[in-house]
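Single-letter residue listing:
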Amino acid sequence: FKISRNQLSGMVDLLRCNASGDHFLSISANCEGSPKEGSLGFVYSASQPGTVALYRLRNKDTGKHLVTTNKGEADGTRYVVEGGIGYVWASTE
């Protein structure tokens, strides 16, 4: 997937956060109460033409996070969907 380096209308900051060594992505300005490591770029907060949803998944055993545009990677046994975190352009590369 692709994110924007520049903030366009309707976009929000995509942040890398650190919760005791578990790095995860968030659009929450306060990193959901965890230390913020920095901005990765910008994602749309609502669906736009040509974009796909970006999901944050959590491994039920380790608590580690995975970010994907394929919600099907959450198989219910190992990974669960924590929620959508924005909309990105699908990569064609």
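Residues numbered from 1 in each chain as written. Predicted model: local features only at pLDDT ≥ 70, side-chain atom pairs only at ≥ 80, totals over all residues. Heavy atoms only, no water.

## Concerning the side chain of Asp-22
- Counting through the fold element by element, Asp-22 comes out in strand 2 (residues 22–26).
- A polar contact is formed between the side chain of Asp-22 and the side chain of His-65, at a distance of 2.6 Å.
- The residues contacting Asp-22, other than those within four sequence positions of it, are Cys-17, Gly-63, Lys-64 and His-65. (Helix = DSSP H or I, 4+ residues; strand = E, 2+ residues; numbered from the N terminus. Polar contact = N/O pair within 3.5 Å; in protein donor to acceptor, adjacent residues only side chain to side chain. Contact = heavy atoms within 4.5 Å.)

## Focus: the nonpolar core
- Counting 6 residues, the largest nonpolar core is built from Leu-14, Leu-25, Val-43, Leu-54, Ile-85 and Val-88.
- Every residue in contact with Val-43, bar those within four places of it in the chain, is listed here: Ile-3, Gly-10, Met-11, Val-12, Leu-14, Ile-27, Ile-85, Gly-86, Tyr-87 and Val-88. (Core = buried A, V, L, I, M, F, W, Y, C linked by side-chain atoms within 4.5 Å. Buried < 20%, exposed > 50% of the residue type's maximum accessible area, 1.4 Å probe, protein only.)

## What to know about the side chain of Arg-56
- When you line up the elements, Arg-56 lands in strand 4 (residues 51–59).
- A polar contact is formed between the side chain of Arg-56 and the side chain of Glu-32, at a distance of 3.0 Å.
- When sequence neighbours within four positions are dropped, the list of residues in contact with Arg-56 reads Phe-24, Leu-25, Ser-26, Glu-32, His-65, Leu-66, Val-80, Val-81, Glu-82, Gly-83 and Ile-85.

## Thoughts on the pattern of salt bridges
- Applying the stated rule across the entire model yields 4 salt bridges.
- For the salt bridge of Glu-37 with Arg-16, the shortest nitrogen-to-oxygen distance reads 2.4 Å. Highlighted residues: Glu-37 in strand 3 (residues 36–44) and Arg-16 in strand 1 (residues 11–19), separated in sequence by 21 residues.
- For Glu-82, the salt bridge is made with Arg-56, and the minimal N-O distance between the two is 2.7 Å. Of this pair, Glu-82 sits in strand 6 (residues 79–89) while Arg-56 sits in strand 4, placing them 26 residues apart in sequence.
- Exposure remark for Arg-56: the relative accessible area of 9% places this residue in the buried category. (Salt bridge = Lys/Arg side-chain N within 4 Å of Asp/Glu carboxyl O.)

## Regarding the environment of Phe-42
- In this fold, Phe-42 is placed in strand 3.
- With 39 residues separating them along the chain, Phe-42 and Ile-3 place their C-alpha atoms 5.8 Å apart.

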